[in-house]
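Close look at the chain arrangement
Here are the chains, one letter per residue:
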Amino acid sequence: MAGKVGAMKKKTWLRAEVGASRAIACLVLLALWQAIALSGLFFQDVVPSIDRVLFAFWSVLADPLFYRNLGVTFGEMLVSLAVGCSTGLAAGLALGGSPFLSRAYEHFLHYLGSAPKIIFFPLMILWFGVGPGSKVGMGVISCFFPVAISVAAGMRAVNPVWIRVGRSFRASPLQMVTKVYLPAMRTPILNGFRLGVGVAIIGVLLAETKLSNQGLGFMVMQSYSRFDMPRMYALLIIVIAMAVAFNTLAMRLAGSKP
Amino acid sequence: MRHWRHRLLPVAVGLASLALLAAVVELMVRSSLINPFIMPTPSSVFGSFGRLIGEEHGLARLGATAAEVLAASVLITVVGVPVALLLHWRVRLRAAFESWVAALAAAPLVLAYPLFLVLFGRSQLTIVVMAFAAGVAPVILKTVEGFAGVRPVLVDVGRSLRLTPSQLFWKILLPAAIPSIFVGLRLGLIFALLTVTGVEFLINIGGLGHLINELAERYDMPGTYAAITFVVLVSVIFFAILESGERWLARSAR
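Residues numbered from 1 in each chain as written. Chains lettered and ligands numbered in written order. Predicted model: local features only at pLDDT ≥ 70, side-chain atom pairs only at ≥ 80, totals over all residues. Heavy atoms only, no water.

**Thoughts on the overall build of chain A**
Each helix and strand in chain A was counted, giving eleven helices and zero strands. When the helices and strands of chain A are listed from N to C terminus, the series reads α-α-α-α-α-α-α-α-α-α-α. A globule of 258 residues ought to have a C-alpha radius of gyration of about 18 Å, yet chain A, at 24 Å, is considerably larger. Taken over the C-alpha atoms alone, chain A extends approximately 75 × 70 × 30 Å along its principal axes. Counting the 258 residues in chain A, one finds 42% classified as buried. Partitioning the contacts of chain A with sequence separation of at least 6, the portion at a separation of at least 24 is 70%. Carbon and sulfur atoms provide 72% of the accessible area of chain A, an area that totals close to 13700 Å². If the 23 positive side-chain charges of chain A are averaged to one point and the 8 negative ones to another, these points end up 21 Å apart. (Helix = DSSP H or I, 4+ residues; strand = E, 2+ residues; numbered from the N terminus. Rg over C-alpha atoms; globule rule 2.2 N^0.38 Å. Buried < 20%, exposed > 50% of the residue type's maximum accessible area, 1.4 Å probe, protein only. Contact = heavy atoms within 4.5 Å. Areas by Shrake-Rupley, 256 points an atom, 1.4 Å probe, with all protein chains shown as cover. Lys, Arg positive; Asp, Glu negative; His and termini not counted. Charge placed at Lys NZ, Arg CZ, Asp CG, Glu CD.)

See below:
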């Protein structure tokens, strides 16, 4: 009993220590930032002081332009997710369902999937124009590969007994997909989508920073070229927080049990 | 015969369909069914490879990219492994900050490239720092995992032989953790290469990524397509080397 109480005490103590060291680390980081900002080590404004970034943060959030650009980025992302996930799912089902197709084509997917996606942006501009089309294109090619690869691998891992049961009930190919494969592949499909969401956001936003006249990426580059550093810091914090939030949301959805 | 039908035939079909696709695109571009300003003929793309190596100094640019990746890899290793060791030795630090490292690994740092540009200037330093930032977290995480996964009996054997802490580290902990460390290094180096070429393209400086951007801005379409293909090939070869290195290490560790 005494040992149990001791262990519990130790646990709470450790938790308190963890919390304290995190808080101290946060404070040290913030103090370091402020000290660097005020020290004049960097050129003026390269590291703006915290209060100015906070002020810029509020002014960005109060700016109606921000919400318009947020809407543009959000729209591009939704379209690219819809297209990228559905084409990736279809390609993954085709490759996972046929050993022949998989041996013939899947290594191409792995090759293209492992290359940095942003280098395809010049082609996206050529094919889909300088407007939102090329950003959607970037999101689609970012999203397509992880979804297709994950779905194909997941389909091969489906229990063969279930497939035989489906066949012995003379299920049509469509029925096989909707009644056997898709329910059995819930986890790999959702995992693929999760990976796809993460990279699609990055693809869309990076494309916007490279060449665009609207969207959050454009706003970041605009404040960069005007050397409005507090605003750029604030926008980057918002953009990265948004990407992380989407990722976490997708992870929660993928991890949740029915 | 079986080998042919199961292994070689699909690969042949894959390559043949690639060739067929190229031929169809070639015909469609030549007959202007596809706008030649959007899609150069595959033959002209293929013919541009020599030009990339010769006129555009492709090999020197590959060298610049490789040097950046190498610099970042060295930084990743000499920072990542000791930090992991620190986290391993100090339980409280690990409890407090391992999840922070995991968050760093998942954060889309590449989006902050304008910030890195401002801080480190438009130079290769920015590229190396960004590649380091992208690659160091997986190395730390996997190395901590590797040290934590060393079988306690091995450590006990070392203790009963009265090894000093440094002997314990060099003779027992490190060798036992090497396979896991290398998994982390492979991931870290992949992230480093992706970040290097991506950021080179975005900020228009350095090696291969810069080459793509330059050719695209010159509207040299066959060159752009060829350079993109070249970068894809380079990354495929890089990953294949890392993968076989890791497999070799796993085999020799057993």
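**Structural notes on the overall build of chain B**
Scanning chain B from terminus to terminus reveals ten helices and zero strands. Mapped in sequence order, the helices and strands of chain B form the string α-α-α-α-α-α-α-α-α-α. Computed over the C-alpha atoms, the radius of gyration of chain B is 23 Å, more than 25% above the 18 Å expected from 2.2 N^0.38 for a compact globule of 254 residues. Each of the three principal axes of chain B carries a C-alpha extent, and together these read 80 × 60 × 30 Å. Within chain B, buried positions represent 44% of all 254 residues. Counted over contacts in chain B with a minimum sequence separation of 6, partners at least 24 positions apart contribute 72%. When the accessible area of chain B is evaluated, it comes to approximately 12900 Å², of which 70% is carbon and sulfur surface. Averaging the locations of the 20 positively and 13 negatively charged side chains of chain B gives two centres separated by 15 Å.

**Observations regarding the side chain of A:Thr73**
Within the fold, A:Thr73 resides in helix H3 (residues 64-97). Once residues within four sequence positions are removed from consideration, A:Thr73 is found in contact with A:Val204, A:Leu205, A:Glu208, A:Gly215 and A:Leu216.

**As for empty space enclosed by the protein**
Residue and element names in this part refer to chain A. Tallied over the full model, the rule gives one cavity of 30 Å³ or more. Taken as a whole, the largest cavity encloses approximately 30 Å³ of empty space. Taken together, Glu 76, Val 130, Gly 131, Pro 132, Lys 135, Ser 212, Asn 213 and Gln 214 make up the full set of residues lining the largest cavity. (1 Å grid on protein atoms, 1.4 Å probe; cavity = no way out; pocket = protein on both sides within 12 Å on 5 of 7 lines; lining within 4 Å. Points joined across faces, edges and corners; volume = space filled by probe spheres on them.)

**Quick notes on the interface of chain B and chain A**
Where interface size is quoted, it is often the accessible area lost as the parts come together. Contact with chain B, which involves 48 residues of that partner, is made by 47 residues of chain A. The junction of chain B with chain A conceals about 4100 Å² of combined surface from both sides, 79% of it contributed by carbon and sulfur atoms. Among the residues chain B hides against chain A, the three largest losses belong to B:Leu111, B:Val118 and B:Phe201. Together they make up 15% of the total. Taken together, the links from chain B to chain A amount to one salt bridge. Between A:Glu17 and B:Arg92 there is a salt bridge, and its shortest N-O distance comes to 2.4 Å. Linking chain B with chain A are ten residue pairs in polar contact (both at pLDDT 80 or more). If you list the elements that add at least two residues to the side of chain B that touches chain A, you get helix H1 (2-30), helix H4 (91-106), helix H5 (113-120), helix H8 (165-203), helix H9 (208-217) and helix H10 (221-253) of chain B. (Buried area = accessible area lost by both parts, 1.4 Å probe. Salt bridge = Lys/Arg side-chain N within 4 Å of Asp/Glu carboxyl O. Polar contact = N/O pair within 3.5 Å; in protein donor to acceptor, adjacent residues only side chain to side chain.)

**Some thoughts on the domain arrangement of chain A**
Here the domain parsing of chain A yields domain 1 (2-44) and domain 2 (58-255). Placing the centre of domain 1 of chain A and that of domain 2 of chain A at their C-alpha centroids yields a distance of 36 Å. (Domains from an automatic or database assignment.)

**What about the pattern of salt bridges?**
Enumeration according to the criterion identifies twelve salt bridges over all chains in this entry. A salt bridge links A:Glu106 to A:Arg156; the nearest nitrogen and oxygen atoms lie 3.0 Å apart. In this pair, A:Glu106 sits in helix H4 (residues 99-114) while A:Arg156 sits in helix H6 (residues 132-156), placing the two residues 50 residues apart along the sequence. Of the residues examined, A:Glu106 reaches a relative accessible area of 7% and is grouped as buried. With a shortest N-O distance of 3.1 Å, B:Glu56 and B:Arg218 are connected by a salt bridge. Placement of B:Glu56 in the loop between helix H2 (42-54) and helix H3 (58-89) and of B:Arg218 in the loop between H9 and H10 is noted, with a sequence separation of 162 residues between them. Of the residues examined, B:Glu56 reaches a relative accessible area of 7% and is grouped as buried. One connected set of salt bridges, linked through shared partners, spans B:Glu56, B:Arg61, B:Glu214 and B:Arg218.

**Quick word on helix H6 (residues 124-148) of chain B**
Residues and elements named next belong to chain B. When the terminal C-alpha atoms of H6 are compared, their 36 Å separation across 25 residues agrees well with the 36 Å that a helix rising 1.5 Å per residue should span. Within H6, the axis deviates most sharply at Gly 135, by approximately 30°, and proline Pro 138 lies no more than four positions further along. Of all the 25 residues making up H6, 18 are buried; the element is thus mostly covered by neighbouring parts of the structure. (Expected span 1.5 Å × (residues − 1). Bend = angle between axes of the 7 residues up to and from the residue.)

**A few points about the packing of helix H7 (residues 152-160) of chain B against H8(B)**
All names here are of chain B. Interaxial distance between H7 and H8 falls to 10 Å at its minimum, and their mutual angle equals 170°. Relative to H8, the element H7 lies roughly antiparallel. Contact with H7, carried on its side by Leu 154, Val 155, Gly 158 and Arg 159, involves Leu 168, Ile 172 and Ala 176 of H8 and no other residues of that element. Partitioned by chemical class, the residues of the contact of H7 with H8 number five nonpolar, one polar and one charged. (Axes fitted to C-alpha atoms, helices over the stretch in contact; angles between N-to-C directions. Parallel < 35°, antiparallel > 145°, perpendicular 65-115°, else oblique. Nonpolar A, V, L, I, M, F, W, Y, C, P; charged D, E, K, R; others polar.)

**Focus on the domain arrangement of chain B**
You can read the domains of chain B as domain 1 (1-33) and domain 2 (48-253). Summarising the inter-unit geometry, the C-alpha centres of domain 1 of chain B and domain 2 of chain B are found 35 Å apart.

**Here's the deal with the packing of helix H5 (residues 121-128) of chain A against H6(A)**
Residue and element names in this part refer to chain A. Remark: H5 packs on H6, axes separated minimally by 8 Å, with the N-to-C direction vectors making an angle of 130°. Between H5 and H6, the interaxial angle falls into the category oblique. Crossing geometry of H5 relative to H6 is assigned as right-handed. Between H5, through Phe 121, Met 124, Ile 125 and Phe 128, and H6, the contact on the second element is made entirely by Gly 133, Ser 134, Lys 135, Gly 137, Met 138 and Ile 141. Of the residues that constitute the contact of H5 with H6, the class distribution is six nonpolar, three polar and one charged. (Left-handed = near helix turned anticlockwise from the far one by under 90°.)

**Some points on a nonpolar patch on the surface**
On the surface, a nonpolar cluster with roughly 430 Å² of combined accessible area is contributed by A:Val161, A:Trp162, A:Val165 and A:Phe169. Looking at the secondary structure, you find A:Trp162 in helix H7 (residues 160-168). (Patch = residues over 30% accessible without salt bridge, like charges linked within 9 Å, V, L, I, M, F, W, Y side chains within 5 Å.)

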